[in-house]
Amino acid sequence: MKKKIKNWEEKLIKKLKKAKEEKWFKNYVKENVVFLTYVGTCLLNAILLRFFTMPTLENYLSFKPILADLGIVLLLGSFSYLIKKKNRFYYLLGMEILFTFICVVNSIYYTFYTSFASASMLSLAQFIAPVGDAVVENVLQLKDLVYIIGPILLIVVYVHEKKKFHLRKGEEKKIEKKRCFHTLTLSALILLAFTISLSSLEVGRFIKQWNREYIVMRFGIYLYQFNDIFVSLQPKVNSIFGYDQAKKNFEEYFKEKEKPKENEYSNIFEGKNVIVIHGESIQDIALNRTFNGQEVTPTLNRLVKEGLFFSNYYSEVSVGTSSDTELTFNTSLMPTKSGTAFVSYFDRTYQSLPKYFKEKGYYTFSMHANNADFWNRRAMHKSLGYDKFYSKETYEVTQENTIGLGLSDKAFYEQSIEKIKKIKEKEGTPFYGLLISLTNHTPFSDVEKYGPFDVDIKETITKEDGTTEEISHPYMEGTKLGNYFKSVHYADAALGEFLQSLDENGLLENTVFILYGDHDARLPKNDFIRLYNYDATTDRVKSEEDPTYREYNSYHYELDRKVPLIIWTKDHQITGTVENTMGMIDAMPTLGNMFGIYNPNALGHDIFDIKENNVVVFPNGNWVTNKVYYNSQKGEYMSLKDGEVIGEDYIEKNSQYAEHLLDVSNDIIVFDLLNKEKEKEEKK
Ligand code: GP9
Ligand code: MN
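Residues numbered from 1 in each chain as written. Chains lettered and ligands numbered in written order. Predicted model: local features only at pLDDT ≥ 70, side-chain atom pairs only at ≥ 80, totals over all residues. Heavy atoms only, no water.

(A) Region of interest: unusual backbone geometry. Residues Thr 442 and Pro 443 are joined by a peptide bond in cis, for which omega reads 15°. Within the secondary structure, Pro 443 sits in the loop between strand E10 (431-436) and helix H20 (447-450). In this structure, Thr 321 takes a positive phi of about 25° despite not being glycine. Within the secondary structure layout, Thr 321 lies in helix H15 (residues 321-331). In this structure Thr 321 comes out as buried when scored by relative accessible area, which is 18%. Positive phi, close to 55°, is recorded for Trp 375, a residue that is not glycine. By secondary structure assignment, the location of Trp 375 is in the loop between strand E6 (363-367) and helix H18 (377-383). (Helix = DSSP H or I, 4+ residues; strand = E, 2+ residues; numbered from the N terminus. Buried < 20%, exposed > 50% of the residue type's maximum accessible area, 1.4 Å probe, protein only.)

(B) Main features of the coordination of the manganese ion (ligand 2). Taken together, Glu 280 (OE), Glu 280 (OE), Ser 322 (OG), Asp 518 (OD) and His 519 (NE2) make up the full set of protein donors to the manganese ion (ligand 2), lying 2.0 to 2.6 Å away. Around the manganese ion (ligand 2) sit six donor atoms; with metal-centred angles ranging over 53 to 170°, the donor geometry is irregular. Assessed through its relative accessible area of 2%, Glu 280 is described here as buried. Residue classification places Asp 518 among the buried residues on the basis of a relative accessible area of 0%. (Donors = N, O, S within 2.8 Å, 3.2 Å for Na, K, Ca; no water. Tetrahedral: all angles 85-135°; square planar, octahedral: opposite > 155°, others 65-115°.)

(C) Just the pairing of E6, in detail. Burial of E6 is extensive: five of the five residues sit out of reach of the surface. The two faces of E6 match: Tyr 363, Phe 365 and Met 367 on one face and Thr 364 and Ser 366 on the other face are all buried. For E6 and E10, the ladder comprises five bridges, and the chain directions are parallel. Bridge pairing in E10 links Phe 365 to Gly 433. Of the strand pairs in this sheet, E6 and strand E7 (residues 388-390) are connected by three bridges, and their pairing is parallel. Pairing of Ser 366 across the sheet is with Phe 389, part of E7. Each parallel crossover has a hand, and the one from E6 via H18 to E7 is right-handed. (Pairing = 2+ DSSP bridges. Right-handed = clockwise from strand over helix to strand, strands pointing away.)

Note that every value here comes from positions in space, so none of it alone points to a role or purpose.
Given below as structure tokens:
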């Protein structure tokens, strides 16, 4: 073995010596000046684009995108060696122009939208106009044009080095093939090193392709753009086959579905304004919980008491998290099986709450102080029927008012009130508005900005001399769940201020205030075990043998992912707690009934119609009812009612229902089955 290595070492040293003697490197550079100019300028352009668009220290120090860009540029460039001598330069120039084009388009797009361009947007005519304006506005900006120096330099170098560009006579073919192979190998090694350096989170985000800045910062602009084209084409490919079958299944499904009967909640809110709060990562677990006598969520607890609270309400998100909930809440459809509806299927027809409200003469708007392209909201909020989407561009975001991902909830609500006031004055119609909060977003690490809220256990002990001392047992301090409670406490306080301000501005009159938690906060299971089983006297989690130990398995964890749904009015028009199991998909039918809205193609149910018979389906095929939580991967379930025997047929029937629902929902979106225009064209 040692001998082998030695041989190998000797061979390598020999080769290097030979290369030195033959002045290999000098010769290589001499004969490849054009190729090296191509590589250098394309790489430099990619780096410049990132620096100009995202001038952060993290970006400056980031090495990964350089590896990715270099790998791609080399990979595509290597094939030039296989091309006939006289055309080789044109191939390289073509590649250079392609890469330059990507940089210029993205530079302009970023100035306009603070995000990177996507091929999927090309299919939307309404996007061309604003981008067109942007081109005119920005065309004179040097930072957008600087990339053009790349191809110009390549042409200059080519003209200058024309003779040297071609290889020594007689050995061209052999050398060209070798160079192609070596360049390809080098690019493969670089891309391999890049791939190894990626974390699973980065890979996951790359596949979903929704947070474009994040992807460009880690994967470079070229890989982003090629992946973007692939992701944008996917929905087109998916919808080519199976339309007829999908349409048939869809029609049969809704033929069997009956229109719900009127109930005590029908039309009670007709004509009232609606303010919906999308409560980022708010879970029921935070509600009615105290630490040292202090409530985590005093505002929400008050709303629960004074309004109608749905205590077994589940979010039904897939990989599209926030955006999936927005889809499900507003359309009563499930997230798609692959990709996300917001990113891949934003150009489909949706029957949504904003659209129904608009039919009733409402003005509809959405507000979110993050980049409009996050989750492709800029496009999708239009498809959902919002008259206007107020995104980051319309808010004042400074370092002082930023927490975690962006503008703090307190500042967000404060600035939103002003916008709502103007809407009310200007439109003079009832409104339906969605406000998407942001601060309570994982990883909950901006703790010092949340304000003081201790999640320890404080104890006052009396010492021998009669004096007292307060001691603290750490309990949830320093855990992610502990930080989560601090964060929710902040979000709750922001909500409290918002409600007060709404009231002071007369915006709670004739208004229905609705809040939902968008999904769970992906907290560690072990933190829940600590929450339920902490022993302050030992500062340890109790052992499972301890008779007071509270069991906490994966089903308990799933049940703890519940999120709140609260409907509240200032005059407490409806109060109480609805305990029947309910999902995000049931929001539209349940709320719709209260406002005189009926969507015949909703897949959920009015909870006051279906009552205890509701089945909440999750995108992975799991489902939950009042009686059972069923895990479809394991084919196992946990009974939720002590002692009740669950029959096989119950499991079988609901599993079939879940599968059917997921199929129909997916088909509706992928095949655009709610598109009446498409239907008319077919009949022609
Ligand atoms: C992004 C915000 C968070 O703008 O809504 O999205 P999430 O990570 O929760 O899906
Ligand atoms: Mn979210």
